[in-house]
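Analysis of the macromolecular model
These are the residues of each chain, in order.
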Amino acid sequence: MSRRHAWIDASAGVAGDMLLGALLDAGATLDAVRTAVHAVAGETVAVSARQVTRAGLRALKVDVTALVAEPPARTWRDVRAMLGRAALPEPVRRNAVAVFARLAEAEARVHGVTPDDVHFHEVGALDAIADVVGSCAALHDLAVTTVSAGPVALGSGSIRTRHGRLPVPAPAVAELARGWQVSAGDGKWQPASAGGGGELATPTGMALLRTLAEVCEPLPPMTLDTVGVGAGGRDPADHANVVRVLLGLPPENEAPAPTAAPMSAAPEALLLLEANVDDLDPRLWPGVLDGLLGLGAADAWLTPILMKKGRPAHVLSVLCRAGDADLLRERIFRDTSTLGIRQSAPERVALARGFVEVAVGEGRIAVKLGHADGVLVQVMPEFADVAALARRTGRAERAVLQEALAAAASAGLVAGAEVPAELES
Ligand SMILES: O=C([S-])c1cc(C(=O)S)c[n+]([C@@H]2O[C@H](COP(=O)(O)O)[C@@H](O)[C@H]2O)c1
Ligand code: NI
C-alpha cells in the first residue's frame, strides 16, 4: 500500500478557493468535486475552474457561483445537518464536518456567541460549502493519505466586511492560526483602487489548512510527483497570489519489504490534559466530549472515580497535539466546572489508519483499518455508519454490525492481510 503525502505551501497565504484550485490543478477531477458539493448543497451552486496567471505564474482559479437569487442564511447547526444527510464518502464527510466545526468555533469565539449559532452569511455559506466540501473531496479523489503545511502568510492592514473595517489578520483567522507558524508575509497593503487590502489568509482557508494538515513543517523529504497551483481572486504585482500543493511519495514507500513484526511505528509526543470533576450536570458530558473532539483532540474520554469526601466524580482526559493544547484548555475551562487542569506528556505509538467502504444490503459502511508495515492489524466498521443504516432499515444494530464485518472479511479485510491498494485517508 503506498502512502501519498500532500504538502501545502501557504507562504503567500491561503483561501478556500485557492486550496481547492491547487488540488484540482494537482489532478483531482472537477467531477468528483462537483458531485460532492451538489450532494451537500443541491443544484444551488455551480463550481468551475479556469486557467489564469498570477504575477506571471500559471494557476487554476476556481469560481463558485450561487444559482439561487437569495441563498438562505445558514448556521453551523444547519450546515452540520446538511453534511450529515448528504451522500458523501465517509472520509470526505468527516473532514468537512471537522473543518466547519473549527471554523464555527473560531467565529463563535470572536463574535461572542455559541458555535451552534454562528451564521455563515448568505452567499458566503455557499462559497464556504463549495470550498470546504470541494477541497475534502479533491483530497479524497487524489488518494492523499497524509497532509502537512508550511508557515502561513496572513497579510497586514485592514479589510472591509459587511460588519465594517476589520484588522488583518481578520479576527477569525488569528483565532484559527493559534499554534501554527505565521508571518505577515510579503503582501503589502494597498488601496482598493489598486487591487485591495493585504489579506492573505481567509477564515475558510485557515480552517481547511489547520484541520487537514497534521503538522507545520518545511517541505518534508519525498519523491515529488505533482505540483498544483491554485489562484486567489486578486493579482497584485508584488507577489504571486497562489497556494501550491506538492504531492509525493514519502520515503517509507522506498523502504525495503516489511519484516515479520508489523509494529514498528515511532512513538509520537502528545499532551494529556486531565481534570477531576464532581459537580457538572451529567447531561452536559456528551456535548463536552464532542466539542473537544471537534476542536482537534486526538481523543477525549471520562473515567468514573470516587473523589475526596466520598463523592462520585469523573476524570476528564484529553489527548492532543501540543499546538492544540491552549485552545483545548480554554474549552475545558469554558464547558466544565473544573478549577484546574493537569498536564503530562505521554508518548503514543499509533497504527496508521485509513478507511474503505463496503456494501451492506442497500447501504455502504466505512470500515476503519489500522495497519503497520503494509499489514492490517485492526479492522472495524464505523459504528456511526452501522447505527445509521440500522435506523434507516429498521434492523438491529448487532445484525448490521455482523454483516459489515462479514462484508469486510469477504473483501479480504482481515487482520494479517495486506493493506488494500484503495485505502482512503
Ligand atoms: O462578516 C464577517 S462576520 C466576517 C468576519 C471575519 C472574521 O474574521 S471575524 C472575517 N470576514 C472576512 O470575510 C471574507 C470572506 O472570508 P471566507 O473565509 O468566507 O472566504 C474574508 O475577507 C474574511 O476576512 C468576515
Ligand atoms: Ni458576522
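Note that the coordinates shown come from a computational prediction; the quantities given were computed from them, not determined experimentally.

Conventions used here
- Residues numbered from 1 in each chain as written.
- Chains lettered and ligands numbered in written order.
- Predicted model: local features only at pLDDT ≥ 70, side-chain atom pairs only at ≥ 80, totals over all residues.
- Heavy atoms only, no water.
- Helix = DSSP H or I, 4+ residues; strand = E, 2+ residues; numbered from the N terminus.
- Buried < 20%, exposed > 50% of the residue type's maximum accessible area, 1.4 Å probe, protein only.
- Polar contact = N/O pair within 3.5 Å; in protein donor to acceptor, adjacent residues only side chain to side chain.
- Contact = heavy atoms within 4.5 Å.
- Expected span 1.5 Å × (residues − 1).
- Pairing = 2+ DSSP bridges.
- Axes fitted to C-alpha atoms, helices over the stretch in contact; angles between N-to-C directions.
- Phe/Tyr/Trp six-rings, centres within 6.5 Å; stacked < 30°, edge-to-face > 60°.
- Lys NZ or Arg CZ within 6 Å of the ring centre and 35° of its normal.

The next thing to look at is the side chain of His5. Residue position: His5 is located in strand S1 (residues 5–9). A residue is classified by how much of its surface remains accessible, and His5, at 8% relative accessible area, is buried. Within polar-contact distance, the side chain of His5 engages the side chain of Thr146 at 2.7 Å. With residues near it in sequence (within four places) discarded, His5 still touches Thr146, Val147, Ser148, Glu217, Pro220, Met222, Leu246, Leu247, Gly248 and Pro250.

Attention now moves to helix H4 (residues 90–111). Counted at 1.5 Å a residue, the expected span for H4 with its 22 residues is 32 Å, and the 31 Å between its end C-alpha atoms agrees. Looking one or two residues past H4, Gly112 carries a phi angle of roughly 70 degrees, positive in sign.

Right, let's get into the sheet that holds strand S23 (residues 375–381). The strand order across the open sheet built from three strands is S21-S22-S23, with neighbouring strands paired in antiparallel fashion. In this open sheet, the two edge strands, each paired with only one partner strand, are strand S21 (352–360) and S23. Direction aside, neighbouring strands of the sheet carry axes that sit 30 degrees apart on average. Here nine bridges tie S21 to strand S22 (residues 363–372), and the two strands are oriented antiparallel to one another. Note on S22: the bridge partner recorded for Gly354 is Leu369. Lying on the sheet, helix H10 (residues 383–393) is in contact with S21, S22 and S23; it crosses S22 at an angle near 165 degrees.

On inspection of all chains with the given rule, the structure shows one aromatic pair. Arranged with centres 6.3 Å apart and planes meeting at 20 degrees, the rings of Trp76 and Phe100 form a pair that is stacked. Residue Trp76 is located in helix H3 (residues 76–85), and its partner Phe100 is located in helix H4; the two are separated by 24 residues in the primary sequence. With relative accessibility at 5%, the residue Trp76 sits in the buried group. Lying over the aromatic face of Trp76, Arg80 brings its terminal NZ or CZ to 5.1 Å of the ring centre.

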